[in-house]
Every structure is written in structure tokens, then in C-alpha cells.
Amino acid sequence: MQIFVDKNKLLTSGDIPINYHNLYDGTADFSGENWTNLDAYTNDNWVSNFGNQSRQRKGSWFGLSKPMHLNANQFYTLSASVFVDENSSSGFISFFGNDDQGNNSLPSGIAKLYFKDAPHSWVTVKQTFSVPKSGTYNVRFESNDDQVNIHWADLMLNKGSIALDWNYSLNDLRAKMGGVKPNYWFCYATSVKEVA
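All values derive from a computational prediction rather than experimental measurement.

Colleague: Help me understand the nonpolar core in this model?
Modeller: As a rule of thumb, soluble globular proteins bury nonpolar side chains together. In this structure, Phe129 and Leu157 are the most contacted members of the largest nonpolar core, which totals 30 residues. Counting only elements with at least two residues in this core, the list comes to strand E5 (68-70), strand E6 (76-84), strand E7 (92-99), strand E9 (123-129), strand E10 (135-143) and strand E11 (149-159). If one sorts the elements of this core by residue count, E6 sits on top with five residues. If near-sequence neighbours (up to four positions away) are discounted, Leu157 is found in contact with His21, Asn22, Leu23, Tyr24, Met68, Leu70, Tyr76, Thr77, Leu78, Phe129 and Val139. If you look at the next biggest cluster of nonpolar residues, it comprises six residues, including Ala28, Leu164, Tyr168 and Leu173.

Pasting the structure below:
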């Protein structure tokens with residue numbers, strides 16, 4: 001199966017393992033509602049290796065996230081593409097997770113990328129985690145250095161313990177396909193078809 005929009009290939013069947021789509025909506029361009037801390041970031045007119053818009057911020061903390069209902073007894077993986085403009089001898093990007101009461105309820109502060117080791121290119125940071133009880137959580141990556149400019153893109157939250165390449169959420173795919181329900185296009189799009 002391959003999915004095309006405006007003659008651009010969006011996905012093939014190999015790109016979407018069953019039930020492993022992006023749980024976040026609007027990650028190609030930071031559109032939609034419920035973004036946490038988006039107002040602290042600037043549209044930098046950069047694009048990631050996946051062709052998605054990025055946002056930049058020079059400052060510590062205030063990681064980009066969306067509140068999401070997560071289930072206990074399920075692994076999730078958060079990943080993002082980052083481009084670090086400057087190297088710092090002591091700064092790093094780390095993972096944080098809070099429940100809907102603001103409690104730091106997940107193992108947090110785990111360093112994922114030290115700036116001194118960051119290449120001058122896009123790199124993926126990732127963290128696999130589970131939640132102690134079902135509920136709404138904000139999971140995110142944050143910088144601890146307020147002097148380093150970082151470009152952020154390709155936020156991806158997927159079920160499972162493997163970080164998948166960025167892809168659209170089912171809601172984003174539905175919107176791009178003109179409202180077709182995902183269960184319909186999964187059944188229908190069994191061969192390559194050009195749509196005008």
C-alpha cells in the first residue's frame with residue numbers, strides 16, 4: 001500500500017506498523033490545539049530531514065508537548081529531531097514527564113544528548129517509558145542550558161519500545177485525505193493510484 005497526496009508519497013504500508021502511528025496531531029507544522037509552551041518558541045523557517053517545519057528556542061526548560069491520555073501497562077516512545085546551534089561543555093537535553101496535576105511522575109531528568117557531543121546536523125533524541133497509572137501526561141524533552149539555541153521538529157509519540165521514524169497521526173492523515181476514515185483507506189488503498 002502507498003498513499004500519495006498531490007503526487008507526493010506520504011506513506012507506504014511498511015511505514016506504519018499496526019497501531020504504531022504518531023499519537024500527537026499537528027507535528028508536521030505545529031498546528032492544532034493543546035500545544036504546551038508553543039508560545040515560547042519561534043517559527044525559524046527551518047525544515048527537518050522529514051520536511052517538517054521546526055521551531056527554535058534559546059532557553060532552558062519549557063519543553064514542547066501535548067497533554068495525552070496514556071495507559072498503564074503500555075510502553076510508549078517519545079522522539080524528536082533536534083539541531084543544536086552551539087556546543088556547550090555542560091548542557092544537555094533531557095526527558096521529563098508530568099501527570100495532569102503537575103507531579104513529576106515519571107523518571108525524569110534523564111540526559112539524552114550532551115551538547116558537547118552534538119553534531120552540527122539534525123539528530124534524533126528518544127526515550128521509552130511507561131506510566132504508573134492511566135491518565136493524562138505531558139512528556140517532553142527540555143534543555144537545561146539557557147544559552148544554547150536549539151531547533152526542534154518531528155515530535156513523535158508512539159506505542160511500543162522502539163522509536164519509529166516520524167509519521168503523521170491518523171487524524172492528520174484523515175485531514176490530508178479529505179476526511180476519509182482511516183479504516184476505509186487502509187482497506188481501499190491496496191495498490192498505487194494517482195489521484196488528480
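Following the structure, the description resumes.
Colleague: Would you mind going over the side chain of Asp154 with me for this structure?
Modeller: Tracing the chain through its elements places Asp154 in strand E11. Buried within the structure, Asp154 lacks any salt-bridge partner; Arg55 is the closest side chain of opposite charge, at an N-O distance of 11 Å. A polar side-chain atom of Asp154 sits 2.7 Å from a polar atom in the side chain of Asn52. There is a polar contact of 2.6 Å between the side chain of Asp154 and the side chain of Ser81.

Colleague: Please explain the sheet that holds E7 as it appears in this structure.
Modeller: Backbone hydrogen bonds hold the strands of a sheet together, and the pairing may be parallel or antiparallel. Reading across from one edge, E5-E10-E7-E8 is the order of the four strands in this open sheet, with antiparallel pairing throughout. Both edges of this open sheet fall to E5 and strand E8 (110-114), since each of them pairs with a single strand only. If you compare each strand with its neighbour and ignore which way they point, the axes differ by 40° on average. Bridge count for E5 against E10 is three bridges, and the pairing is antiparallel.

Criteria and cut-off values
Residues numbered from 1 in each chain as written. Predicted model: local features only at pLDDT ≥ 70, side-chain atom pairs only at ≥ 80, totals over all residues. Heavy atoms only, no water. Core = buried A, V, L, I, M, F, W, Y, C linked by side-chain atoms within 4.5 Å. Buried < 20%, exposed > 50% of the residue type's maximum accessible area, 1.4 Å probe, protein only. Helix = DSSP H or I, 4+ residues; strand = E, 2+ residues; numbered from the N terminus. Contact = heavy atoms within 4.5 Å. Lys, Arg positive; Asp, Glu negative; His and termini not counted. Salt bridge = Lys/Arg side-chain N within 4 Å of Asp/Glu carboxyl O. Polar contact = N/O pair within 3.5 Å; in protein donor to acceptor, adjacent residues only side chain to side chain. Pairing = 2+ DSSP bridges. Axes fitted to C-alpha atoms, helices over the stretch in contact; angles between N-to-C directions.

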